[in-house]
Structures are given as C-alpha cells and as structure tokens.
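So you can see what is in the structure, the chains are spelled out below.
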Amino acid sequence: MRLDKYLKVSRLIKRRTVANTACDNERVLVNGKEAKPSYQVKLGDVIEITFGQRTLKVEVTDIAEHATKENAGALYREIV
C-alpha cells in the first residue's frame, strides 16, 4: 500500500492530500529516511511524522485497504 494512503486509512493524517504534502515537505520518515508518497509500506516499517514541534513515531503492525475508526489504531503501534 502507498504511504500516503496508509497514513489516511490508519488515521494518522486526516486526508490523503495532506499526507501527500507532508511527504513532499520531508515531514515523514520511514525507517529513518525521507519517504515519497508512493513508498510501498511493509509490515515492521517505522514511520516518523513531524507535526510542528511534536514527532509521532509508529511501527506498522497491519495493512488494510479500509479501516473503521475503531479498528484504525490496530494498524500501528506507537513507539515512545
């Protein structure tokens, strides 16, 4: 699954266009490297997203084409 779509489906970022822009502005890292929106997400990838001064770091635990609001949190595990 594409990175921008994964960020939207997992509800880490609200809209796919916003996820696309975040990737283009180098605010999203996958496994410590800048990632393009077309990056193919795999299980075990570590995604870091920078929101202003805050950085969110998660590990991909599942990949699904669709997820409800209740199930979206099961797609990743937050790393502290």
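Parameters and conventions
- Residues numbered from 1 in each chain as written.
- Predicted model: local features only at pLDDT ≥ 70, side-chain atom pairs only at ≥ 80, totals over all residues.
- Heavy atoms only, no water.
- Core = buried A, V, L, I, M, F, W, Y, C linked by side-chain atoms within 4.5 Å.
- Buried < 20%, exposed > 50% of the residue type's maximum accessible area, 1.4 Å probe, protein only.
- Helix = DSSP H or I, 4+ residues; strand = E, 2+ residues; numbered from the N terminus.
- Contact = heavy atoms within 4.5 Å.
- Salt bridge = Lys/Arg side-chain N within 4 Å of Asp/Glu carboxyl O.
- Pairing = 2+ DSSP bridges.
- Arc of directions from axis to C-beta.

What follows concerns the nonpolar core. One finds Leu3, Tyr6, Leu7, Leu12, Val28, Ile47 and Ile49 to be the most contacted residues of the largest nonpolar core, which totals 21 residues. For this core, the element with the highest residue contribution is helix α1 (residues 3-9), accounting for four residues. Excluding residues that lie within four positions of it along the chain, Ile47 makes contacts with Leu3, Tyr6, Leu7, Val28, Leu29, Val30, Leu56, Lys57, Val58 and Val60.

What follows covers the pattern of salt bridges. For the structure shown, the criterion picks out four salt bridges. Note that Arg77 and Glu59 form a salt bridge whose closest N and O atoms lie 2.2 Å from each other. Of this pair, Arg77 sits in strand β5 (residues 76-78) while Glu59 sits in strand β4 (residues 54-60), placing them 18 residues apart in sequence. Look at Arg77 and you get partly exposed, because its relative accessible area is 44%. Linked through salt bridges whose partners overlap, the residues forming this network are Arg2, Asp4 and Arg16.

Further remarks concern the sheet that holds strand β1 (residues 28-30). Within a sheet, neighbouring strands are paired by backbone hydrogen bonds and run either parallel or antiparallel to one another. As summarised here, the arrangement of the five strands in space is β2-β1-β3-β4-β5, forming an open sheet in which the pairing is antiparallel. Looking at strand neighbours, the two that pair on one side only are β2 (33-34) and β5, the edges of this open sheet. Here β1 pairs with β2 via two bridges, running antiparallel. In the strand pairing of β2, Val30 is matched with Lys33.

The next point concerns helix α2 (residues 16-24). Because the α-helix completes a turn every 3.6 residues, residues three or four places apart line up on one side. Among the residues making up α2, those that are buried are Ala19, Ala22 and Cys23. For α2, the arc enclosing every buried residue in end-on projection is 100°, short of the 170-degree limit, so these residues lie on one face. Of the exposed residues in α2, those oriented more than 90 degrees away from the buried face are Thr17 and Asp24. Residues of α2 that are buried sit in contact with α1 and β1.

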